[in-house]
Amino acid sequence: MSPTPPLFSLPEARTRFTKSTREALNSKNIKPLLNTFSQLPGSENEKKCTLDQAFRGVLEEEIINHSSCENVLAIISLAIGGVTEGICTASTPFVLLGDVLDCLPLDQCDTIFTFVERNVATWKSNTFYSAGKNYLLRMCNDLLRRLSKSQNTVFCGRIQLFLARLFPLSEKSGLNLQSQFNLENVTVFNTNEQESTLGQKHTEDREEGMDVEEGEMGDDEAPTTCSIPIDYNLYRKFWSLQDYFRNPVQCYEKISWKTFLKYSEEVLAVFKSYKLDDTQASRKKMEELKTGGEHVYFAKFLTSEKLMDLQLSDSNFRRHILLQYLILFQYLKGQVKFKSSNYVLTDEQSLWIEDTTKSVYQLLSENPPDGERFSKMVEHILNTEENWNSWKNEGCPSFVKERTSDSKPTRAVRKRAAPEDFLGKGPSKKILMGNDELTRLWNLCPDNMEACKSETREYMPTLEEFFEEAIEQADPENMVESEYKAVNNSNYGWRALRLLARRSPHFFQPTNQQFKSLPEYLENMVIKLAKELPPPSEEIKTGEDEDEEDNDALLKENESPDVRRDKPVTGDQIEVFANKLGEQWKVLAPYLEMKDSEIRQIECDSEDMKMRAKQLLVAWQDQEGVHATPENLINALNKSGLSDLAESLTNDNETNS
């Protein structure tokens, strides 16, 4: 009787896993956990759940003992390794991260979140993404609720950027599909004129200035008051515009539009009248660089009356306001899917927006420093934003395009009327070209395309016709002296090169043979063509010749396949087989005794696989001569493992024969 296997014990397994986790933390190696996992009895699911509990228990002890963030992150890294090795569940690292961020203060959460950011590629992998995306989203939302948008602006931005990197663009939960505005973003400012101190401030400044004698104040102590006359009306109108930027829908109401129009014209007139000096902006920039170049960003505008003159003199502040105008105008003019049908601009409103947009861009280009460059960049970004608006209007389709099953592209439907639909009217349908001779030439053929395809327009001779005389002269039996051969004629040689380049594969085939002159090269090409081209046919055939041809045909029919295979391959056979060989030419090349240098030369000569295959076969034909037979080619194909092509070549050879 066989002994019963030991049963799984949860307390024992948890104790051993906890001990192994401590050992793995000290050695910074996951091997102790792997050994314990393999030694413990029980099912794989039971051991995984127990290890998950052990991880959480060790993490809890570290948090209670106020351990450093490095120890906490080491436990999470062990959990990630455990998921990769298949010894714990895929959600364990995310559960541990949630526990840590819930228990630690915000300054330590910053360190933990840096670890989360660095491992975004891990979270996006197939092993972790489906199991952890909801955990990460919940964890980030919990963090955002704890953070202050005004004091922890950078941390909030990092969380948003992390979510943008984690989720795909088409993720519906991260899209403002209905184009809703953040109406909670209210800009608070002084709306009570009685409490305003703007008028008193200028009076006090003048009184204080009377007590200072001329020459007592140096350049560094010069007053920084702005030359722009600021009163409560300008202050109120300026900050009232933020309500329109917050909720642009108000601009479609008649009364609200008039208010917006009036306030905007006054504010923009102030910007036009009091332009900033480039030297002041450069000096301010240099001072920032001297102090370390640190910039302070605020999530909300500071609306104190005392800061109004400084704000209007700040180039960055002006850029903020002008950019808000451009974003507002883009929304008012753009096509938004969820915008109400009542929200339509009048012609007068559209014209004002168009003119004001040009003025705003002009103000941006005049605003130092680098105003021209900043203006062009803003224009480019807003133009790109139109593409995103169109994408949202289309329902945010996925950017991954699936290949259609039909590989052949559908032919585009011709929308324009064809020329024959509106030309050549009348009984004769003759098209008048304005000149008798042009009219005659144009109407020689009613169909222009057929006229272009006509055989009479084929002016290039065939290889057989052009080289017939040269082939006869190259035959030693004809005993033609070298000086009388056509290949020695320079005019003939030039025309032969052009014809070979158009009609013969030998022209572009690399060769190790060196030729001293053009006639020598042409004579070599003529010998090659003589082997490939059929013999010239005689114009008059006698009855005896016809009988001989019939006998030859009869012998050819009775010829065995083995005899046919011993004949050299023809140019047509090479052409057909090269199309079948295609990308596999490089597999066959070594078995045709091609050197590596010749293979590299073929690759450099052409990028088309069929042309490379053809060049390989032509080079093999030149190399083997009369031994370049289908039989030898079939043997090489079988040796290279291309038996399917060998069988296809055998069938084609038997069919053609």
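Residues numbered from 1 in each chain as written. Predicted model: local features only at pLDDT ≥ 70, side-chain atom pairs only at ≥ 80, totals over all residues. Heavy atoms only, no water.

## Observations concerning the overall build of the protein
The helix and strand inventory of the protein stands at 31 helices and zero strands. Per-residue burial over the protein gives 33% buried out of 657 residues. Long-range pairs, those at least 24 residues apart, make up 71% of the contacts in the protein between residues at least 6 apart in sequence. With an accessible surface of roughly 43,800 Å², the protein has 50% of that area assigned to carbon and sulfur atoms. (Helix = DSSP H or I, 4+ residues; strand = E, 2+ residues; numbered from the N terminus. Buried < 20%, exposed > 50% of the residue type's maximum accessible area, 1.4 Å probe, protein only. Contact = heavy atoms within 4.5 Å. Areas by Shrake-Rupley, 256 points an atom, 1.4 Å probe, with all protein chains shown as cover.)

## A word on the packing of helix H4 (residues 69-85) against helix H5 (residues 92-103)
One can describe the packing of H4 onto H5 by two numbers: an axis separation of 8 Å at closest approach and a directional angle of 165°. Classified by the angle between their axes, H4 and H5 sit roughly antiparallel to one another. Like other packed secondary-structure pairs, H4 and H5 cross with a definite hand, here right-handed. Residues Val72, Ile75, Ile76, Ala79, Ile80 and Val83 of H4 form the contact with H5, whose own contacting residues are Thr92, Pro93, Leu96, Leu97 and Val100. Looking at side-chain class alone, the contact of H4 with H5 contains ten nonpolar, one polar and no charged residues. (Axes fitted to C-alpha atoms, helices over the stretch in contact; angles between N-to-C directions. Parallel < 35°, antiparallel > 145°, perpendicular 65-115°, else oblique. Left-handed = near helix turned anticlockwise from the far one by under 90°. Nonpolar A, V, L, I, M, F, W, Y, C, P; charged D, E, K, R; others polar.)

## Considering unusual backbone geometry
The amide bond that connects Pro368 to the next residue, Pro369, takes the cis arrangement and shows omega of -10°. In the Ramachandran plot, Asp370 falls in the positive-phi region, its phi being about 55° despite a non-glycine side chain. Notably, Cys396 is not glycine yet its phi reads approximately 55°, a positive angle. In this fold, Cys396 is placed in the loop between helix H17 (371-393) and helix H18 (419-422). Assessed through its relative accessible area of 3%, Cys396 is described here as buried.

## Re the packing of aromatic side chains
A full pass over the atoms with the stated rule returns 29 aromatic pairs. Taken together, a centroid distance of 5.1 Å and an interplanar angle of 90° make the contact between Phe238 and Trp239 edge-to-face. You'll find Phe238 and Trp239 in the same group, each marked buried. Ring centres 5.5 Å apart and planes at 85° place the aromatic pair Trp257 and Trp352 in the edge-to-face group. You can see Trp257 sitting in helix H12 (residues 254-273) and its partner Trp352 sitting in helix H16 (residues 347-366), a full 95 residues away along the chain. Residue Trp257 is classed as buried on the basis of its relative accessible area, which comes to 8%. The rings of Tyr244, Phe245, Trp257, Phe260, Tyr325, Phe329 and Trp352 are connected pair by pair, giving a single aromatic cluster. Note that Lys47 overlies the ring of Phe37, its terminal NZ or CZ placed 4.6 Å from the centroid. When the ring centre of Tyr135 is taken as reference, the NZ or CZ atom of Arg138 above it lies at 5.6 Å. (Phe/Tyr/Trp six-rings, centres within 6.5 Å; stacked < 30°, edge-to-face > 60°. Lys NZ or Arg CZ within 6 Å of the ring centre and 35° of its normal.)

## Remarks on the confidence of the model for the protein
Averaged over all residues, the pLDDT of the protein equals 80, while 81% of them reach at least 70. Mean pLDDT across the elements of the protein bottoms out in helix H24 (residues 543-558) (49) and peaks in H16 (94). Below a pLDDT of 50 lies the segment residues 554-559, which in the model reaches five contacts outside its immediate sequence neighbourhood of four places, other chains included. (pLDDT = per-residue confidence, 0-100.)

## Points about helix H23 (residues 518-532)
Its 15 residues give H23 an end-to-end C-alpha distance of 21 Å, which sits within 8% of 21 Å, the value for a rise of 1.5 Å per residue. Tucked into the core, H23 has its buried residues touching helix H21 (463-474) and helix H22 (490-503). (Expected span 1.5 Å × (residues − 1).)

## Points about a negative patch on the surface
A contiguous patch of negative charge on the surface is contributed by Glu464, Glu465, Glu468, Glu469, Glu472, Asp475 and Glu477. Locating Glu464 in the fold gives a position in helix H21. A relative accessible area of 36% places Glu464 in the partly exposed class. (Patch = residues over 30% accessible without salt bridge, like charges linked within 9 Å, V, L, I, M, F, W, Y side chains within 5 Å. Salt bridge = Lys/Arg side-chain N within 4 Å of Asp/Glu carboxyl O. Lys, Arg positive; Asp, Glu negative; His and termini not counted. Charge placed at Lys NZ, Arg CZ, Asp CG, Glu CD.)

## Focus on the environment of Pro41
Tracing the chain through its elements places Pro41 in the loop between helix H2 (31-39) and helix H3 (44-64). Judged by relative accessible area, which is 27%, Pro41 ranks as partly exposed. Taking the C-alpha atoms as reference, Pro41 lies 8.9 Å from Ala13; in sequence the two are 28 residues apart. Every residue in contact with Pro41, bar those within four places of it in the chain, is listed here: Pro6, Leu7, Phe8 and Lys47.

## Remarks on the side chain of Gln330
Among the structural elements, Gln330 can be located in helix H15 (residues 315-333). The contacts of Gln330, once residues within four sequence positions are left out, are Leu382, Glu385 and Glu386.

## A closer look at the pattern of salt bridges
A complete count under the given rule lists 13 salt bridges for this structure. A salt bridge links Lys48 to Glu44; its shortest N-O distance comes to 3.7 Å. Remark: Glu44 and Lys48 occur in helix H3; sequence separation between them is four residues, near one turn of the helix. Among the salt bridges present, the one from Glu575 reaches Lys614, with a minimum N-O distance of 2.4 Å. Within this pair, whereas Glu575 is found in helix H26 (residues 571-581), its partner Lys614 is found in helix H29 (residues 609-624), the two being separated by 39 residues in sequence. Using a relative accessible area of 35% as the deciding quantity, one classes Glu575 as partly exposed. Exposure remark for Lys614: the relative accessible area of 15% places this residue in the buried category. A single salt-bridge network, built from bridges that share partners, covers Arg22, Glu61 and Glu62.

## Some thoughts on empty space enclosed by the protein
Enumeration according to the criterion identifies four cavities of 30 Å³ or more in this entry. Estimates place the volume of the largest cavity at around 90 Å³. Looking at the largest cavity, the residues that line it are Phe271, Lys275, Leu276, Arg318, Leu322, Leu363, Glu366, Asn367 and Pro368. When residues of the lining of the largest cavity are traced back to their parent elements, those giving at least two are H15 and H16. Residues that form the lining of the largest cavity fall into these classes: five nonpolar, one polar and three charged. Quantified by volume, the second largest cavity comes out at close to 60 Å³. Contributing to the lining of the second largest cavity are Val569, Gln573, Ile574, Phe577, Leu617, Trp620, Pro630, Leu633 and Leu649. Among the elements that line the lining of the second largest cavity, the one with the most residues is H26, at three residues. Taken together, the residues that form the lining of the second largest cavity break down as eight nonpolar, one polar and no charged. (1 Å grid on protein atoms, 1.4 Å probe; cavity = no way out; pocket = protein on both sides within 12 Å on 5 of 7 lines; lining within 4 Å. Points joined across faces, edges and corners; volume = space filled by probe spheres on them.)

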